[in-house]
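Below are the chains, spelled out letter by letter.
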Amino acid sequence: MADIAPNTLSDDEVSRRISILRRFRELLKTQRDRFRQYLEVLDKQKDVIEEGNAEDLAAHVELEEKIIADIFSIQKVIDPLEDMYRDAYPLPRKGRKGRDREAAEESAGIPGLKDALEGLRSEAASRAERNRELLSRRMDAIRSEIKTIRKSPYSKKNRSLYGEVPSPSLIDIEG
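Residues numbered from 1 in each chain as written. Predicted model: local features only at pLDDT ≥ 70, side-chain atom pairs only at ≥ 80, totals over all residues. Heavy atoms only, no water.

## Comments concerning the nonpolar core
Basically, it comes down to this: To form a nonpolar core, buried Ala, Val, Leu, Ile, Met, Phe, Trp, Tyr and Cys residues must be joined to one another through side-chain atoms within 4.5 Å. The rule is simple: take the accessible area with a 1.4 Å probe, protein chains only, and divide by the maximum for that residue type; under 20% is buried, over 50% is exposed, in between is partly exposed. Here a helix means four or more residues in a row that DSSP labels H or I, a strand means two or more in a row labelled E, and each is numbered from the N terminus. Any two residues whose heavy atoms approach within 4.5 Å are treated as being in contact.
Counting 22 residues, the largest nonpolar core has Phe24, Leu28, Phe35, Tyr38, Ile78 and Ala124 as the members making the most contacts within it. Broken down by secondary-structure element, the contributors of at least two residues to this core are helix H1 (11–51), helix H2 (54–88) and helix H4 (110–151). Counting residues per element, this core draws most heavily on H1, at 10 residues. Setting aside its immediate chain neighbours within four residues, leucine 28 contacts Ile78, Ile110, Leu113, Lys114 and Leu117.

## Section: the confidence of the model for the protein chain
Put simply, the test is: Every residue gets a pLDDT, meaning the predictor's confidence in that residue, from 0 to 100.
Counting all residues, the mean pLDDT for the protein chain is 76, and 74% of those residues have values of 70 or more. No element of the protein chain has a lower mean pLDDT than helix H3 (residues 96–108), which averages 60, and none a higher one than H1, which averages 85.

## Quick look at the pattern of salt bridges
In plain terms, the rule: Throughout this description, the term salt bridge denotes a Lys or Arg side-chain nitrogen within 4 Å of a carboxyl oxygen of Asp or Glu.
If you walk through the whole model with that rule in mind, you get 12 salt bridges. For glutamate 50, the salt bridge identified is with lysine 46, shortest N-O distance 3.5 Å. Of this pair, glutamate 50 and lysine 46 both sit in helix H1, four residues apart, roughly one helical turn. On the accessibility criterion, glutamate 50 (46% relative accessible area) is partly exposed. Taking relative accessible area as the criterion, lysine 46 reaches 23% and is therefore assigned partly exposed. When the shortest N-O distance is used, the salt bridge between glutamate 82 and lysine 114 registers 2.7 Å. Here the residue glutamate 82 occupies a position in helix H2, and lysine 114 occupies one in helix H4, the gap between them amounting to 32 residues. One network of salt bridges, with partners in common, ties together Asp43, Glu123, Arg127 and Arg130.

Here it is in structure tokens:
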């Protein structure tokens, strides 16, 4: 960019900056909504883990994977757009442009959206960890149930309490 006085931006430059800011804001809102959706899925997944329904759990894990992939794909778009936004609104140490950027961010609600996203990210991480712990405990309980079933005298390995009686090998024909 050429050195232009702060108040002499062309209309094209102003509209470009506005469109970057709007798109950036839209993407942050979309990302926020995806994180909220992810939190809802994690809450439902907690209930499914506690109930122990394997089919529902598999469906929730699949849905969770799709939402996470969506979050990452949106983040891939947000990162370069944020770089463009920083280039459009540089934050110098002193001067008007830094104040212009801060004012533009405030009017678009960017700081609030970023704070909300950070809060949602940390909440999602803690809920995902909680679900992992619940699932781990549930799997340990199922493993112990399986071991108990294997040790049962009625399991397939020990067919019957009377199953170990040998078959006759001599026949009395004088009888």
